[in-house]
Amino acid sequence: MIDVVNQVWKLHGDGRTVGPGEVVRPDERLRLPYMLGLGAQHVLAMFGATALVPVLTGFPVTTTIFFSGVGTLVFNLVTRNRVPSYTGSSFAFIAPVLAAKSYGGVPAALGGILCAGIAVFAVGLIVDRAGYRVIEFLLPPVVTGAIVALIGLNLAPVAKDQFSQQAGIALVTLASILIVGVAFTGFASRLSVFLGVTIGYAFAAILGKVDWSGVHRADWVGLPDLTTPTFNGRAIVLIVPAVLLVLLAENAGHVKAVATMTERDLDPLIGRSFIGDGLATSVSGLLGGSGTTTYAENIGVMGLTRVYSTLAYVIAGSVAIALGLLPKFGAIISATPIGVLGGAVTVLFGMIAVLGARIWLEAAVDFRDPVSLVTAAVALIVGAGNYTLNWGDYQFAGIALGTLAAIAIYQVLRRLQPETPPRRAGEDSADGDVEQFSTERR
């Protein structure tokens, strides 16, 4: 085992320290004791969100954690250990999975998840052959930001419902997350959701609001609960269009973020990254886990530690697989009171919405441009209002319609928009802006 590690990852410096201005690159590593600690840290970073998604959607927690570990190992294998990422549960699946369960329960939702994974895999093959410009054309920042933001807004009613059921517990959880995130420093602040949920859980337990019956019945060690999918057309249509473009946008954005931090051109690996995430989601959907995506939480950990070694993710994936073999551990997570979930998702769903705005800011999207303005405006309202279109036996809800609206409006209107004439020499930019605004008002 040690020989394999030495062959795949070369030792960085003395293996103990990372000097000022240095980073441990994906094909490097520190000494194994340090790498074990870093791998465990990545498990902590992904754990809160990865465990929360199955609780919200009614999936087995240990199964989801188990397959998040399997998916991470698959992802790193497909990307040849060059794109450090953890594939955890994707929040993009929550709303469509909840809707899809009405057409056949968890098995029908798994069928949709499996099909979504296959779709991401297929797009990855195309991008790997044709190049990343295909995705850049389809998903410019204004569209990507709108899609991400509308997902968070679409989930707001779910947060309100869960918060209202146990408002006191939810408030304690929410306050704990906010205080830990602001008052603590370093890595502890990055675990604000995990620590806040733990505090809320303990508070609920003191009040006697935790049902321990499932915990008492669960075994200490055992295989995860495996469920095979069934295929229902309506469930598939609810899930695949709603999550496909979001997963692609998230994945591509994470690859570019890692490339910036490691000062390496990883664009040629974006297609392989899609393939890896598609395979991870497909395997999870095939046997009972939640849909996956590459995790920004773990990218934040890498930015903090400056260690981008993919060995840390191999270790993290292996630890997650081990946790998935502990049913009693999963039962404890599944017993999380609804109020604790309500407090947590109030923050998490809001953060998803704000992340869309962050994409716009970082890409300097110009909302004085009427095409960008109406693309975002219509998509947000369609998603937040959960507009629904019934077409025969199929139903397209807010996330799917908002996503399609963002893409279609941008592509069509951009072609109808007349080219802006070149600015005349000496023309005052402020006057030009006023003129453009007046034109937009007309």
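Reading guide: rules and limits
- Residues numbered from 1 in each chain as written.
- Predicted model: local features only at pLDDT ≥ 70, side-chain atom pairs only at ≥ 80, totals over all residues.
- Heavy atoms only, no water.
- pLDDT = per-residue confidence, 0-100.
- Helix = DSSP H or I, 4+ residues; strand = E, 2+ residues; numbered from the N terminus.
- Contact = heavy atoms within 4.5 Å.
- Buried < 20%, exposed > 50% of the residue type's maximum accessible area, 1.4 Å probe, protein only.
- Lys, Arg positive; Asp, Glu negative; His and termini not counted.
- Salt bridge = Lys/Arg side-chain N within 4 Å of Asp/Glu carboxyl O.
- Expected span 1.5 Å × (residues − 1).
- Core = buried A, V, L, I, M, F, W, Y, C linked by side-chain atoms within 4.5 Å.

Novice: Help me get a handle on the confidence of the model for the protein chain, residues and values and all.
Specialist: Of the residues in the protein chain, 91% reach a pLDDT of 70 or more, and the chain-wide mean stands at 83. Mean pLDDT across the elements of the protein chain ranges from a minimum in helix H21 (residues 429–441), with 39, to a maximum in helix H14 (residues 270–287), with 95. Considering only residues more than four positions removed or in separate chains, one finds that residues 422–442, a stretch of pLDDT under 50, has 10 contacts.

Novice: Got a sec to walk through the side chain of Glu 28? Specific residues and values, please.
Specialist: You can see Glu 28 is positioned in strand S2 (residues 28–29). The buried charged residue Glu 28 lacks any salt bridge partner; its closest oppositely charged side chain belongs to Lys 10, at an N-O distance of 4.5 Å. Filtering out sequence-adjacent residues up to four positions away, Glu 28 remains in contact with Trp 9, Lys 10, His 12, Val 23 and Ser 309.

Novice: I'd love a proper account of helix H7 (residues 141–154), names of residues and values included.
Specialist: Here H7 contains 14 residues, and its C-alpha end-to-end distance of 20 Å stays within 8% of the 20 Å for a straight helix at 1.5 Å per residue. What H7 keeps buried is the set Val 142, Val 143, Thr 144, Gly 145, Ala 146, Ile 147, Val 148, Ala 149, Leu 150, Ile 151, Gly 152 and Asn 154.

Novice: Give me the lowdown on the nonpolar core, citing residues and values where you can.
Specialist: By size, the foremost hydrophobic cluster in this structure holds 97 residues, and its most contacted members are Phe 91, Leu 139, Leu 248, Phe 274 and Phe 349. Among the elements that make up this core, the one with the highest residue count is helix H13 (residues 233–262) (17 residues). Contact partners of Phe 349, with chain neighbours within four places excluded, come to Leu 56, Phe 91, Ile 94, Gly 152, Leu 155, Val 158 and Ala 159. In terms of nonpolar packing, the next biggest core, distinct from the first, is built from 11 residues, Val 18, Val 24, Val 307 and Ile 315 among them.

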